[in-house]
Each structure stands twice: as C-alpha cells, then as structure tokens.
Amino acid sequence: MKPSMITKLANLSERLEEINRLMSSENATSNMDNYRKITQEHAEITPIVEQYRAFEQVEADMNEAQKMLSDPDMKEFAQEEIEQCKAKTEEIEKNLQTLLLPKDPNDDRNLFLEIRAGTGGDESGLFAGDLFRMYSRYAERQRWKVEVVSANESEIGGYKEIIAKIEGYGAYSKLKFESGVHRVQRVPDTETQGRIHTSACTVAILAEADEVSDVVINPAEIRIDTYRASGAGGQHINKTDSAVRITHLPTGIVVECQDDRSQHKNKAQAMSVLVARIKDAEVRAQQSKIASERKSLIGSGDRSERIRTYNYPQGRITDHRINLTLYKIDAITEGDMDELIGALSAEHQADLLASLSDDN
C-alpha cells in the first residue's frame, strides 16, 4: 500500500476517535444540525477505518510469521501464514480502494423524477404511467416519500408528463442512472390484431438543489404567470388562479405546477423544480467536457440516449449500457429493482477504479 494512502487512513482513524468522543460528550445533542453531520461522518468513515485496522492486524501477523521462518520446526507453518496474509492484504486493499472512491456530492440528496411520453402516442402515455408506478413501488420498498409535483394525464390513462419529488436517504445515489430513453415493446390494449408496438418515454433524474448555495437566480430573470388549474380537482380548484408557470428567461426553462390548491405552495414547488433543472443543466455542461476525454461505461445520462428496453412478450428487460438482460419484467416493474440498480452501481464503481488506475 502506498505511504500516502497509509497516512490518509491513519488520519481517518484519528478522526473517528475524535468523533466518538464528540458523540459521547454530555452536550453532543445541543446542536442537532451539527450532531446529524457528525453522525453522518461517523457512518461514512467507520467502514474505512475498520478495513484499515484489519490491514494493520494482518501486517502484524505477517511480521510475526516472518520471524518464525528461521525456526526449522515452524518454517512450514510460517510460510502458510505468510501466504494467507498476502491474500488477505490484497482483498483489504481492494475494499479500501472502493471505499475511498470519490463520492458524488449529490448522492445523499432528494431528487425530482420527470417522466415524459415520447414516440408511440397513447401507448407511450400508458408506459409513462407504468414507469411512474415502477419507481413509486421501488421508493416504497426503500421507505422514501413520493410527492407528485405536476401531472398531465393522457386521455386513456397514464401521463403525457409527470414530475414527482422523491425524498429519502440515498435516493439520488440509487436512481441517478435512470436518466435517458426507456423503450417498451408490447401489444397495446387497443391493438386488435395482436401486433407488437414500440413506444418510448424519457426519464430525467434531477438532484434537488440547495437554493442558497447551488444556484443563484436573479428575480429579474424570471417571469411568473398564474392561471386556473385544469383537470380534476373539484369546483374550488377551477375558481382560483392557483396554478403557477415560471419561465427562466436566460435559459428558456419553463416549469408549471398546478397540483395544489395553494398558489403559494405551487410557486414554491415550481421554484424547486426550476432550481434543480438549472443546476442539472450546469452539471451536464461540465460533464460534456469530461465526456470528450473519457466516457463513463454507464453513459452520459443524456436524455436522448436509449438506455433500456422493456420487452413484455419475452418477459425481459435489457439495459443497453452494461449489456444486462433480466427475465423478470413483472417483478422489476412492480418495484423489485435492486438487481438492476446494483449492477449499474457496480459497473460505475469499476469504471471509477479504472479511471483512477489510468490517472496514476
């Protein structure tokens, strides 16, 4: 192991001891915001320090075994011990490499999920509804909160567009690879001759931005319009100008929200989505520069990029970025997405490790 890494691990070990002292002090919870930050840091560095201490133990065991090599009666045992220690050291170093990978600063954030119907007419709208159900069910399994911000329902069911906020620990880290074009192949309910149709929807995953530190919006650069909400909602919702449309003039980004009876709440929700979209656009601009040098195996996250096909007649889902096919379409569309998301995360980690190796 490199001396620089050992120094970093030793510093983290000292920091963990310091955090343990802070957490056990009498006034630890007097500042709850600070206490939450400390407990989060504790959770992040504990597995790293545990691996480092295991590494130190293996090093000590190896040193003891090497001392025994000079004893003829113990030589064979010592050699076996040394080989085992070498194997353990290799495994620990791999684990530490993964644990020390640069962390995506957005991973712990909440997110906005945007699904838009694309090619395929009514069938595309139905598929948008199926995708929203899939993500909602997955969120339920993770005990995350899902709140619909805006929904434009299609005539026969499903959605032309739906935007929802998903709140929960690690939400963005799990769903960030879902952005892109999702394609479905199946026989629509309206098809009388049993022909398979192909439709598509666009999914966008936007990390919720911190309005104060992440994006600065000049009030002079936005236009806010109010209008009467349309669609379901009873008599009251149609009598007041509760719906809100915000236009960001420099970028042309438009956000509408009409899901709540309160104009104030609709405006707040629309501003949250607007800030997330502006931040997302800034991040994508930065990523496009990096992508020209090294393209991630997971893909650029470009929404025009076809990432996955849902083939109902064959019961399979194929993720084209990592060439993974799973024959469990019913389970996945009911929210059992762990295997799929785990494979994408593992591929991303492998790509990051390869990138670090290239840079060293």
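Definitions and cut-offs
Residues numbered from 1 in each chain as written. Predicted model: local features only at pLDDT ≥ 70, side-chain atom pairs only at ≥ 80, totals over all residues. Heavy atoms only, no water. Helix = DSSP H or I, 4+ residues; strand = E, 2+ residues; numbered from the N terminus. Buried < 20%, exposed > 50% of the residue type's maximum accessible area, 1.4 Å probe, protein only. Contact = heavy atoms within 4.5 Å. pLDDT = per-residue confidence, 0-100. Expected span 1.5 Å × (residues − 1). Axes fitted to C-alpha atoms, helices over the stretch in contact; angles between N-to-C directions. Parallel < 35°, antiparallel > 145°, perpendicular 65-115°, else oblique. Left-handed = near helix turned anticlockwise from the far one by under 90°. Nonpolar A, V, L, I, M, F, W, Y, C, P; charged D, E, K, R; others polar. Pairing = 2+ DSSP bridges.

Participant: Would you mind going over the environment of Thr-226 in detail, with residue names and values included?
Facilitator: Relative to the helices and strands, Thr-226 is located in strand S6 (residues 222-227). Of the residues examined, Thr-226 reaches a relative accessible area of 38% and is grouped as partly exposed. Taking the C-alpha atoms as reference points, Thr-226 and Asn-266, separated by 40 residues in sequence, lie 9.9 Å from one another. For Thr-226, the residues in contact, after removing those within four places along its chain, are Asp-241, Ala-243, Val-244 and Gln-263.

Participant: Describe in detail the confidence of the model for the protein chain, supporting the description with residues and values.
Facilitator: Taken over all residues, the pLDDT of the protein chain has a mean of 84, while the share at 70 or more is 89%. Of the regions scoring below 50 in pLDDT, residues 232-238 engages in 10 contacts with residues more than four places distant in sequence or in other chains.

Participant: So what about the environment of Ala-54? Which residues, and what values?
Facilitator: In this fold, Ala-54 is placed in helix H2 (residues 32-68). Residues Ala-54 and Lys-88 lie 34 residues apart in sequence; the distance between their C-alpha atoms is 9.1 Å.

Participant: Lay out helix H1 (residues 3-24) in plain terms, naming residues and giving numbers.
Facilitator: The terminal C-alpha atoms of H1, which comprises 22 residues, lie 32 Å apart, in line with the 32 Å expected from a rise of 1.5 Å per residue. Where H1 is buried, its residues touch H2 and helix H3 (75-99).

Participant: How would you summarise the environment of Cys-85 if you had to cite specific residues and measurements?
Facilitator: Counting through the fold element by element, Cys-85 comes out in helix H3. With 27 residues separating them in the primary sequence, Cys-85 and Val-58 have C-alpha atoms 5.9 Å apart. Ignoring any residue separated from it by four or fewer positions in sequence, one finds Cys-85 in contact with Val-58, Asp-61 and Met-62.

Participant: Help me get a handle on the packing of H1 against H2, residues and values and all.
Facilitator: Their axes nearest at 9 Å, the elements H1 and H2 cross at an angle of 135 degrees. What the angle tells us is that H1 and H2 run oblique. The two elements H1 and H2 cross, and the hand of that crossing is left-handed. Residues Ile-6, Leu-9, Ala-10, Leu-12, Ser-13, Arg-15, Leu-16, Glu-17, Ile-19, Asn-20, Leu-22 and Met-23 of H1 lie in contact with H2, whose contacting residues are Tyr-35, Ile-38, Thr-39, Glu-41, His-42, Ile-45, Thr-46, Ile-48, Val-49, Tyr-52 and Arg-53. Looking at the contact of H1 with H2, its residues break down into 14 nonpolar, 5 polar and 4 charged.

Participant: Before we move on, can you summarise unusual backbone geometry with the specific residues and values?
Facilitator: Positive phi is not limited to glycine here, since Arg-143 has a value of about 60 degrees. Looking at where Arg-143 falls in the secondary structure, it is placed in the loop between helix H4 (122-141) and strand S2 (145-153). What makes Arg-143 exposed here is its relative accessible area of 79%. A positive phi angle is found at Asn-323, which is not glycine, with a value near 50 degrees. Topologically, Asn-323 is positioned in the loop between strand S10 (316-319) and strand S11 (324-326).

Participant: So what's going on with the sheet that holds S10? Residues and values would help.
Facilitator: Strand order in the open sheet formed by 8 strands is S2-S3-S1-S5-S4-S9-S10-S11, and the pairing between neighbours is mixed. The open sheet terminates on both sides in strands that have one partner only, identified here as S2 and S11. Across this sheet, the average inter-strand angle for adjacent strands is 15 degrees, counted without regard to direction. Here 3 bridges tie S10 to S11, and the two strands are oriented antiparallel to one another. In the strand pairing of S11, Thr-318 is matched with Thr-325.

Participant: Lay out the sheet that holds S6 with the relevant residues and their values.
Facilitator: Sheet architecture is open: 3 strands sit in the order S6-S7-S8, paired in antiparallel fashion. Each of the sheet's edge strands pairs with one partner strand only, and the pair in question is S6 and strand S8 (253-257). For this sheet, the mean inter-axis angle between neighbouring strands, taken without regard to orientation, is 15 degrees. As defined by bridge partners, strand S7 (residues 243-248) adjoins S8 across 5 bridges and the pair is classed as antiparallel. Opposite Arg-245, over in S8, you have Glu-256 as the bridge partner.

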